[in-house]
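# Chain and residue survey
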Amino acid sequence: MDQPDNDSHAPSFWRRPSGMALATAALIAGFYLLREHWGHVLGYWPYLLLLACPLMHLMHGHGGHGGHGNHAQTPRRTNNDKE
């Protein structure tokens, strides 16, 4: 079975110069937008905070829980074990 060569993979979009430029432009635009409309944002802050709770719960992914699926398994009995 042929395995793909992992050394020749392309970097993700955010690691490329165009991705970094887009992220920087988005941060700058977000800063100026928030600065100009800070009074409006403060009025909706309690509602935005309450909206963030269910959104974070939905997008959490449930991958960080350490105890699930790591239960000790009992040894299986084979045909040779006749008790």
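These remarks concern the structure in this document. (Residues numbered from 1 in each chain as written. Predicted model: local features only at pLDDT ≥ 70, side-chain atom pairs only at ≥ 80, totals over all residues. Heavy atoms only, no water.)

Let us look at the overall build of the chain. Check the secondary structure of the chain and you find two helices and zero strands. The 83 residues of the chain split such that 1% are buried. Accessible surface, the chain: about 8600 Å² in total, of which carbon and sulfur atoms supply 62%. (Helix = DSSP H or I, 4+ residues; strand = E, 2+ residues; numbered from the N terminus. Buried < 20%, exposed > 50% of the residue type's maximum accessible area, 1.4 Å probe, protein only. Areas by Shrake-Rupley, 256 points an atom, 1.4 Å probe, with all protein chains shown as cover.)

Together, Y44, W45, Y47, L48, L49, L51, L55, L58 and M59 make up a nonpolar patch on the protein surface, roughly 1100 Å² of accessible area in all. When you line up the elements, M59 lands in the segment after α2 (38-58). On the basis of relative accessible area, M59 is assigned to the exposed category, the value being 69%. (Patch = residues over 30% accessible without salt bridge, like charges linked within 9 Å, V, L, I, M, F, W, Y side chains within 5 Å. Salt bridge = Lys/Arg side-chain N within 4 Å of Asp/Glu carboxyl O.)

With that settled, consider the packing of aromatic side chains. For any pair of aromatic rings, the description rests on two quantities: the centre-to-centre distance and the angle between the ring planes. A full pass over the atoms with the stated rule returns two aromatic pairs. Ring geometry for F13 and W14: centres 5.1 Å apart, planes at 75°, overall edge-to-face. Between F31 and Y32, the aromatic rings sit 5.2 Å apart at their centres with planes inclined by 70°, giving edge-to-face as the arrangement. (Phe/Tyr/Trp six-rings, centres within 6.5 Å; stacked < 30°, edge-to-face > 60°.)

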